[in-house]
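Structural overview
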Amino acid sequence: MEFNTKLLHGKTVTDYPYGATVPPISQVTAFKFDTAEEQEKVFHHKAAGFAYSRVGNPTVAAFEQRMNELEGGNAAIACSSGMSAITLALLNMLCAGDEIIAGSGLYGGSIDLFEDLTKLGIKTRYVRHVNVEEIEPLINEHTRLIYGEVIGNPGLDVMDIKAVADLAHSHGLPLMTDSTTATPYIINPLKLGANIVVHSSSKYINGGGNSISGVIVDGAGFDWDFDKFKALDGYRKFGPLAYTIRLRTDIWENLGSCLSPFNAFMNIIGMETLGLRMERICSNASKLATALDQIPGIRVNYLTLPGNPYKGLVDRQFGGKGGGILTFRAGSKEKAFKILNNLQYVTKASNIGDLRTLAIHPASTLYIRSSEEQMAAAGVFDDTIRVSTGIEDATDLIEDFTRAIELADK
Ligand SMILES: *Cc1c(COP(=O)(O)O)cnc(C)c1O
C-alpha cells in the first residue's frame, strides 16, 4: 500500500461503532463496568478496555494506532503537546547523572526544556551538527541518549539518521529523533535505525492549525542494558518493550499530560490528508525558495536549492523532498519587519505546518530567551524570516512575497 492509500485504508483504520467512517469522539472522563471483576481485570491490564481517559480513551487510541502504523513503530503514545511528548520521552529513560548529546540547532522550546532538565541533574552536551564526527568525541560514561531533529526547525540542518543511529548503537546508546518538520511523508526514522521518534502533531500531522498535541513512537528495537539505563531497571522483564511499558504505565500515566479526545479526533481528520498536503506544501516551498533566491539582497535557505550543503543527503535520504520550511535573510531587522507587514495573504503566526502560509521573525519572538550564540546555532539572525508554506497557489505566494520585498525597498 502506498502512503496516501495507507492513510485511509491502513490496517489500523478499523471499524467504528454504527459503521461510522471516522472514529467518534469519546468525550468522556470514565467508562463504566458491569461487574467489579471486569473492572479489576482492566485495572490490572489483564483485559483490554478503557477505564479512565487519562489512562486510555478510544479516540486517542485510534490516533495512536494510526501514528504508529505511519511511523512503522511498535507502540505510539499521544500527549497533550509536542513539548510534553519530548519531556516524557526523556524522563522515561533518564535519571539524575545521565547525559544527552543533542544538536544545538533544536527547536527553541526543546533547548529551554533541556535547560530545565539540568536542574534535575540531567545534562545536555551540544554539537553544532548532529553528525558522527561531532558526536563521537562527546560520548562518555554518563551519555545515555543521542537526540536530534531530523530537519532542524528553523536552522534546516539535516541528520543522516542511519549514520548517527549506527554510531549511537556502537556505543550502546539509543537515538531519539524529533520528526515534526519531516513527518512520515518524508521519512520514517525508525526504519533507518532511530529508536524513538517524537512529534509535535500540532503541526503537519494535524495540518489545520487547530489542536495542540504530541506523540511518542517507540520502535522497540533497542537492546536496553538495564544496569546502565537505571530509569528502566524495574522493567527488565519486558526486555525491548521496557521503554513502552514504563512510559504507558508509569511516566505518561502519572505525569498526566494526556491528549484530549477532541484533539485526537481533529488529528485523525487532519492526518488523512497528510500526503496530499505535504506534496503541495513541499512543492510550494521549493517554488517560493527558488523565486526568492533570485531577488538581489535576499539570502534563502531551503534544502533543495542548488548549493545547499545538505542537498546530497536530502536526495538520498528523503528522495529529494525538502519539506515545508524555508528561511531567508532580509538584510536588516527593519527590512524584515517591513516585509512581514507588507504581506497580504501570509499570516504572521508562530506555528508551522498549517494550511495557510505562515511567516515570522524568529529572533524577536521564538528565540527571545536564547543567547545570540544559541540563535546563530539555530540559524536565526536579526534579519531572518521563517516561512512555513501552506497549500495556497504558488503563484500567489510568490507574488505576495515579491511585492512585499519590493515595497520594503522603497
Ligand atoms: C512545535 C515544535 C515542538 C513543540 O511542540 P508543541 O506541540 O508546540 O508543544 C517541538 N519540536 C518541534 C520541531 C516543533 O516544531
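Bear in mind that the values here come from a model prediction, so they are computed numbers and not experimental data.

Points about the pattern of salt bridges
Applying the stated criterion across every chain, the model contains 17 salt bridges. A salt bridge links Asp-112 to Arg-369; the shortest N-O distance between them is 3.3 Å. Of this pair, Asp-112 sits in helix α5 (residues 108-118) while Arg-369 sits in the loop between β11 (358-360) and α14 (372-377), and the two are 257 residues apart along the sequence. By relative accessible area, Arg-369 is classed as exposed at 68%. A network of salt bridges, in which partner residues are shared, links Asp-227, Asp-233 and Arg-236.

Side note on the sheet that holds strand β10 (residues 347-348)
What the five strands build is an open sheet, ordered β8-β9-β12-β11-β10; its pairing is mixed. Each edge of the open sheet is held by one strand with a lone partner, namely β8 (299-301) and β10. Two elements, β10 and β11, share two bridges in a ladder whose sense is parallel. From the neighbouring strand, Thr-347 faces β11, where its bridge partner is Leu-358.

Observations regarding the nonpolar core
In terms of nonpolar packing, the biggest core is built from 53 residues, with Phe-63, Ile-135, Ile-146, Leu-175, Ile-186, Leu-274 and Phe-318 touching the most fellow members. Discounting residues that sit within four places of it in the chain, Phe-63 has contacts with Ala-78, Ser-201, Ile-205, Val-215, Leu-259, Ala-264, Asn-267, Ile-268 and Met-271. Membership of the second largest hydrophobic core comes to 35 residues, among which are Tyr-147, Met-176, Leu-232 and Ala-242.

What to know about the UniProt feature "modified residue: N6-(pyridoxal phosphate)lysine" (unreviewed entry) in the protein chain
The sites that carry the UniProt feature "modified residue: N6-(pyridoxal phosphate)lysine" (unreviewed entry) are, in the present numbering, Lys-203. Within the secondary structure, Lys-203 sits in the loop between β6 (196-200) and β7 (214-218). Setting aside residues no more than four positions away along its own chain, Lys-203 makes contact with Tyr-107, Thr-180, Ile-352 and Gly-353.

What about the site of the ligand?
Taken together, 14 residues lie around the ligand, and Met-83, Asp-178, Ser-200, Ser-202 and Lys-203 are the ones closest in. Within the contact set of the ligand, an oxygen atom lies 2.8 Å away from a side-chain nitrogen or oxygen of Ser-200. Lys-203 places a polar side-chain atom, nitrogen or oxygen, 2.8 Å from an oxygen atom of the ligand. Within the complex, the protein chains bury 93% of what would otherwise be the 380 Å² of accessible surface of the ligand. Per-class residue counts for the shell around the ligand are four nonpolar, seven polar and three charged.

Brief notes about the pairing of strand β12 (residues 384-388)
With respect to burial, β12 is a largely interior element, five of its five residues being buried. Burial along β12 is two-sided: Thr-384, Arg-386 and Ser-388 facing one way and Ile-385 and Val-387 facing the other are all buried. Where strand β9 (residues 325-329) and β12 come together, five bridges link them in antiparallel fashion. From the neighbouring strand, Thr-327 faces β12, where its bridge partner is Arg-386. Looking at chain direction, β11 and β12 are connected through three bridges and run antiparallel. Bridge pairing in β12 links Ala-359 to Val-387.

Scoring rules and cut-offs
Residues numbered from 1 in each chain as written. Predicted model: local features only at pLDDT ≥ 70, side-chain atom pairs only at ≥ 80, totals over all residues. Heavy atoms only, no water. Salt bridge = Lys/Arg side-chain N within 4 Å of Asp/Glu carboxyl O. Helix = DSSP H or I, 4+ residues; strand = E, 2+ residues; numbered from the N terminus. Buried < 20%, exposed > 50% of the residue type's maximum accessible area, 1.4 Å probe, protein only. Pairing = 2+ DSSP bridges. Core = buried A, V, L, I, M, F, W, Y, C linked by side-chain atoms within 4.5 Å. Contact = heavy atoms within 4.5 Å. UniProt positions renumbered as here; feature names shortened; annotations may be inferred. Near = heavy atom within 4 Å. Polar contact = N/O pair within 3.5 Å; in protein donor to acceptor, adjacent residues only side chain to side chain. Areas by Shrake-Rupley, 256 points an atom, 1.4 Å probe, with all protein chains shown as cover. Nonpolar A, V, L, I, M, F, W, Y, C, P; charged D, E, K, R; others polar.

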